Amino acid sequence: MIARLIAPKIEQSPKSVLLLGPRQVGKSTLIQSLNPDLEINLGNEETFLAFKSNPSEIIQRIEGQSKLNTVFIDEIQLHPPLLNTIQTILDSKEYKNKIKFYLSGSSARKLKRGQANLLPGRIFAYHLGPLCMAELNYDVNMNKALKFGFLPEAHLSSENDFSEKLLSTYSGVYLKEEIQSESLTRNLEGFSRFLISAAEMAGLPLDYSKLAKQAKIERKLCSRFFEILEDTLVATKLEVFDKTSADIKKRPKFYFFDVGVLNGLLQNFVVSNDRKGLLFEHLVANQIETSAKAKDLPIKLSYFRTRGGFEVDFILEIKNKTYAIEVKSGSITSSDAKNILKIKEHTNKINDFYIIGLKTESKSISGVKIRELSQFLKEIGL
């Protein structure tokens, strides 16, 4: 089992914990490794029905334990009203400062949209993504990563067929257990088509009209469906950095949370030359986001693009510094360095400039740092 960087913070948290993350990133495994005294899985139908029909179920189960300090409730988003009871327990004279709850969920949508009680002042929220490079000691087979991403089971398996099967079925599990079971949309067929079309256009500035036409849905549904992807933690939206200029193109981009899941949606695990650039860009976005979550560091990731076509892949704001980042899967030249520096003509907010290469020696060209992804993450503290 790979040790997760966020685990000590969760274990040592002085407050109860809400751990959010997409399916199959290892939330349950992480919390189970902390050996909670009582474990409740609301994903189990019998357990869910017991809690749904009896508001006192959690209190009765706690009282049924002779010694209890920690309680793990999995899939908490399936029954948000339970949070009210948990607050009552945490505030009671009998249990105050004596019980710590570990709550986990693969979707924040019901908690956010349903105005659930998020226990202000009583709970710390953390996020878990796929494996990050630091958890793998920065020792990663990049070709395998571009194919299968960093979901623990898919990345660590030595059987390629197993990884492909796991990732190919991810969309089906997601549609059934997130979208259908939580009734996030009545138009399940339209959402299924949208999901594939969104995968095909991932990493590109959004064109709602084109996407709607391809998915055969109404244009107004695109924005709503992207909200579902965000709320279920499957995709991340990147806005444009510094929108103050009229010359800036303001369309957002979306990246799926894992490049292996992206390949699974597209049913294509071939890292061909025509796909390598986009896959590597996706992987870089994934690792920046995932690494920040693993270290519980706040970041802001955006991109830069003018109406004239000048673009910088990523702008990363972290620890009071702002980095301009270009991603290159092929050879890196002095022209690439000169190109990224053109952003100075549009903003003076950049502190450092990087080009991340798929395979390159660490060097500097005209003040631009050339690094492999693992070296870049180390240098900026991720």
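Parameters and conventions
Sequence order as written defines the numbering, with residues in each chain counted from 1. Restriction of local features to residues with pLDDT of at least 70 applies here, the model being predicted, together with a cutoff of 80 or more for giving and counting side-chain atom pairs; totals for whole chains, interfaces and linings are based on all residues. Based on all heavy atoms of the structure, the side-chain values leave hydrogens and waters out of the count. Each helix is a run of H or I in the DSSP string that is no shorter than four residues. Each strand is a run of E no shorter than two, and both are numbered from the N terminus. A simple rule labels every residue: compare its accessible area, found with a 1.4 Å probe on the protein chains alone, to the largest value its type can have, and call it buried under 20%, exposed over 50%, or partly exposed in between. What makes two residues a contact is simply this: any of their non-hydrogen atoms within 4.5 Å. Reported accessibility uses the Shrake-Rupley method at a 1.4 Å probe radius. Residues are deemed covered only where the shown protein chains occlude them. Neither His nor the chain termini are counted; the positive set is Lys and Arg, and the negative set is Asp and Glu. A charge is said to be at NZ when it belongs to Lys, at CZ for Arg, at CG for Asp and at CD for Glu. Side-chain rings of Phe, Tyr and Trp, where Trp is taken by its six-membered ring, are said to pair if the distance between their centres is within 6.5 Å; with planes under 30 degrees apart they count as stacked, over 60 as edge-to-face, and otherwise as tilted. Here, a charge over a ring is recorded when the distance from Lys NZ or Arg CZ to the ring centre is within 6 Å and its angle to the ring normal is within 35 degrees. Throughout this description, the term nonpolar core refers to a set of buried Ala, Val, Leu, Ile, Met, Phe, Trp, Tyr and Cys residues connected via side-chain atoms within 4.5 Å. Strands were regarded as paired on the criterion that DSSP finds at least two bridges between them. To obtain each axis, a line is fitted to C-alpha atoms, and for helices this fit is confined to the stretch in contact; angles are then taken between N-to-C directions over 0 to 180 degrees.

Draft legend 1. Representation of the overall build of the protein within the structure. Of regular secondary structure, the protein possesses 17 helices and 13 strands. Once the C-alpha set of the protein is aligned to its principal axes, its extents read approximately 70 × 45 × 45 Å. The proportion of buried residues among the 382 residues of the protein is 54%. In the protein, of all internal contacts separated by at least 6 residues, the share reaching a separation of at least 24 is 67%. Surface summary for the protein: the accessible area is close to 17700 Å², and the carbon and sulfur share equals 45%. Averaging the locations of the 54 positively and 45 negatively charged side chains of the protein gives two centres separated by 5 Å.

Draft legend 2. How the structure looks around the packing of aromatic side chains. Summed over all chains, the structure comprises 13 aromatic pairs. Between phenylalanine 194 and phenylalanine 226, the ring centres sit 4.9 Å apart and the planes meet at 80 degrees, which makes this aromatic pair edge-to-face. Of this pair, phenylalanine 194 sits in helix α11 (residues 188-200) while phenylalanine 226 is found in helix α13 (residues 219-231), placing the two residues 32 residues apart along the sequence. In this pair, the class of phenylalanine 194 matches that of phenylalanine 226, namely buried. Considering the side-chain rings of tyrosine 354 and phenylalanine 376, the 4.9 Å spacing of their centres and the 75 degrees angle between planes classify their relative orientation as edge-to-face. Linking tyrosine 354 in strand β11 (residues 352-357) with phenylalanine 376 in helix α17 (residues 373-379), this pair joins segments that are 22 residues apart in sequence. For the pair shown, tyrosine 354 and phenylalanine 376 are each scored as buried. One aromatic cluster is present, formed by Tyr174, Phe191, Phe194, Tyr208, Phe225, Phe226 and Phe254 through successive ring pairs. One cation-aromatic arrangement involves lysine 253 over tyrosine 303; the distance from NZ or CZ to the ring centre is 4.4 Å.

Draft legend 3. Quick peek at the nonpolar core. Core analysis: the biggest nonpolar cluster contains 86 residues, and Phe194, Leu229, Phe256 and Phe376 have the highest contact counts within it. If one sorts the elements of this core by residue count, helix α15 (residues 273-294) sits on top with seven residues. The contacts of phenylalanine 376, once residues within four sequence positions are left out, are Ile288, Leu316, Ile325, Tyr354, Ile356 and Arg371. Ile40, Val71, Leu78 and Tyr95 belong to the second largest nonpolar core, which has 24 residues in total.

Draft legend 4. The arrangement of the sheet that holds strand β9 (residues 311-318) in detail. Judged by pairing direction, the sheet is mixed, and its six strands sit side by side in the order β8-β9-β10-β11-β13-β12 without closing on themselves. Each of the sheet's edge strands pairs with one partner strand only, and the pair in question is β8 (299-305) and β12 (363-365). On average, adjacent strands in this sheet sit at an angle of 30 degrees to one another, irrespective of strand direction. Inspection of the sheet shows β8 paired to β9 by six bridges, in the antiparallel sense. Within β9, the residue paired with isoleucine 299 across the bridge is isoleucine 318. Its contacts with the sheet place α15 against β8, β9, β10 (321-328) and β11, and it is angled at close to 155 degrees to β8. The sheet strands contacting helix α16 (residues 334-341) are β9, β10, β11, β12 and β13 (368-372), and the helix crosses β11 at an angle near 140 degrees.

Draft legend 5. Seen up close, the environment of serine 197. Position of serine 197 among the secondary structure elements: in helix α11. When neighbours within four sequence positions are excluded, serine 197 is seen to be in contact with Leu211, Gln214 and Ala215.

Draft legend 6. Representation of the pairing of β13 within the structure. As paired strands, β11 and β13 are joined by four bridges and run parallel to one another. The residue bridging isoleucine 356 from the neighbouring strand is arginine 371, located in β13. Both β12 and β13 contribute to a ladder of three bridges, which runs antiparallel. Opposite isoleucine 365, over in β13, you have valine 368 as the bridge partner. Joining the antiparallel neighbours β12 and β13 is a turn of two residues, in which serine 366 adopts a positive phi near 55 degrees.

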